Each structure stands twice: as C-alpha cells, then as structure tokens.
Amino acid sequence: MRYNPYNQQGEYDHLTVDKGAPLLEWLLEHVQQSRSKIKATLQGHGIRVNGKTVTQFDYPLEPGMKVAVSKTKRNQCGFKSRYVKIVYEDRWLIVVEKMAGILSMAAGHSSLNVKAVLDDYFKKSGQKCTAHVVHRLDRDTSGLMVYAKDMETEQVLEHYWHDIVYDRRYVAVLSGEMEEDEGMVANWLKDNKAYVTYSSQTDNGGKYAVTHFHTLARTTDHSLVEFKLETGRKNQIRVHAADMGHPVCGDVKYGNGDDPLHRLCLHAFRLFFTHPMTHEPMEFETIFPATFRQMFK
C-alpha cells in the first residue's frame, strides 16, 4: 500500500490499491476506522475510486486504483453540480473536473462558469474565500483545473505556473487516421484581428509553442491521441492538431466539420503540480470520457 503524497492537511486520505478486493473489505483492512464509520463514510459519498464517488459496498477494486477516503462522513456539504466535480480540496486550493459546456470564468453576459459554481459552494459551506482563476480551459473542453482560494496562493500559482506544473496532458479524438505513432509540433502562434489563432514556421511576432503527441488508438476514420504541452498557448492543441491535418473532432473554429460526438473532443486528463504552499507533489488524473473510449473498442 502506498500513500499518495498529497497534502495530508486536506479533507481526504489518498491510498493506492495493492491487491484486488471488494471495496468495503479492502477499506476495513487498510483504513484505521470502525466498520460503522467506514460504512457511514461510504453512504455519505465520502469515498472516491479513481476520482469517482462510489457508494457500492462490493465495488470491485483492482491493483493500482486510487482510493480517496474523506476524513469526515459527509462529502463537500452535499455539493452537486452537473458541470463541476470536486476532485480535491484543502485550505489553499481546490482541484475540479470541468464538464464540456461551461466557461472557466465569467465572460460577457454568460453567468454559467466554474468560478461562480465554486463561489456558491464556498458560501454555502461557510468558507470565507472565493475561487481565484489560475488557468483556463475552453468552454467546450472538459477536464482538470485548479483554482486558488486566496490571493497569495493565486499569485504563486500564476507567477510560477511553468515551474510548478510538471506534467499536463490532454486526450483528443482527431479526424482521420494518424500516420505517426508519436512526434512533436513546434511553431509560432499568433491571433489575427478576428481573434483566431494561426501558426507560422517562422517567428511572426507571436508565441513559440511546442506540443508532443502520442497516438493511442486508430480506426480508418478517427484517432485517439494523447497530447503533452511543453508550452501553454491559447488554442495550442486545437491549432497544432489542425496543422497535422487531423483536427480535433467537433472543433467549429479549426476543424473540418467532422463531429461524431456533438462536442469538442478534447479532455484535460492529467494535472501534476507542486503544491504552492506545502511544496508536495499533487498528482491528479481522470479517466478518459466514456464516449471517447467507445469509439475505439
């Protein structure tokens, strides 16, 4: 059994499954709590397996799965949102999984945004803080995000983002069959007057962008591709996928009209960073969206 090195002052203990077993049986063996307390935590939605809340006593665990056990019986003051899942929380920051279709923060007249959802949760749970935006995902991109809960944490994350974040990856469904198994795209990205990002092989006054890719699965029509960002530029993966001749499916801005899932097929599945206050490694992953996986069965 290995404890994940997350901040132990948070509301969860994080464990890694060493051998397969039904969930309740495994918890009784590995968590120093009474049977009644463990069952109450399960019923109170306080147990997560690989980031997903589980209440089923006989849920089958397999070696390598990540189990998070709430230190309190309840879980996030009954927090419920169809657009946001809370993955981790401590006194300085909160990590969430954002669904497709919600903005990271307010823009114009749109009131549906993750920051507003979190601010409402903080207020209802009696926390005297607000969500501070550190980085963004496009409205139609899903996946992991971190928000600071105070200005000091926000400043550290924002100013040292590229030093603090040591692994950030996305998965995408691309149009067409990828020719290469892996590789890299590097060029300069700049916005035109219509705020559409375009690339150039020579310095066009924009920002240099580097994206690494690894093809995970293929059909004759589509490819499942993992992307690792070396730089984090606006629309970087979407532009670089289009540059490769295999745009992200469902991308109305840079795509070719191929839209099998009726959404932008881009998901931020991994976010590894050093905690800005405790300096401990924080490592979060979500499973790929089920609709992505089903296309490549």
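Residues numbered from 1 in each chain as written. Predicted model: local features only at pLDDT ≥ 70, side-chain atom pairs only at ≥ 80, totals over all residues. Heavy atoms only, no water.

**Q** Got a minute to help me understand the overall build of the chain in this structure?
**A** Helix and strand content of the chain: seven helices and 18 strands. In terms of C-alpha radius of gyration, the chain reaches 20 Å, essentially the compact-globule figure of 19 Å for 297 residues. Taken along its principal axes, the extent of the C-alpha atoms in the chain is 65 × 45 × 35 Å. For the chain, buried positions account for 48% of its 297 residues. Accessible surface, the chain: about 14,700 Å² in total, of which carbon and sulfur atoms supply 50%. In the chain, which carries 38 positive and 37 negative side-chain charges, the distance between the mean positions of the two groups comes to 8 Å. (Helix = DSSP H or I, 4+ residues; strand = E, 2+ residues; numbered from the N terminus. Rg over C-alpha atoms; globule rule 2.2 N^0.38 Å. Buried < 20%, exposed > 50% of the residue type's maximum accessible area, 1.4 Å probe, protein only. Areas by Shrake-Rupley, 256 points an atom, 1.4 Å probe, with all protein chains shown as cover. Lys, Arg positive; Asp, Glu negative; His and termini not counted. Charge placed at Lys NZ, Arg CZ, Asp CG, Glu CD.)

**Q** Would you mind showing me how to read the pairing of strand β8 (residues 84–89) here?
**A** Residues in a regular strand point their side chains to alternate faces of the sheet. Of all the six residues making up β8, five are buried; the element is thus mostly covered by neighbouring parts of the structure. Here β8 hands over to strand β9 (residues 93–98) after three residues, the two strands then running antiparallel side by side. (Pairing = 2+ DSSP bridges.)

**Q** What is the right way to read the pairing of strand β18 (residues 281–285) from this model?
**A** Alternating positions in β18 separate cleanly, Met282 and Phe284 being buried on one face and Pro281, Glu283 and Glu285 remaining unburied on the opposite face. By the bridge criterion, five bridges tie strand β17 (residues 266–274) to β18 in an arrangement that is antiparallel. Residue pairing for β18: Thr274 is matched across the bridge by Pro281. As consecutive antiparallel partners, β17 and β18 are separated by six residues, and within that stretch His279 has a phi angle of approximately 65°, a positive value.

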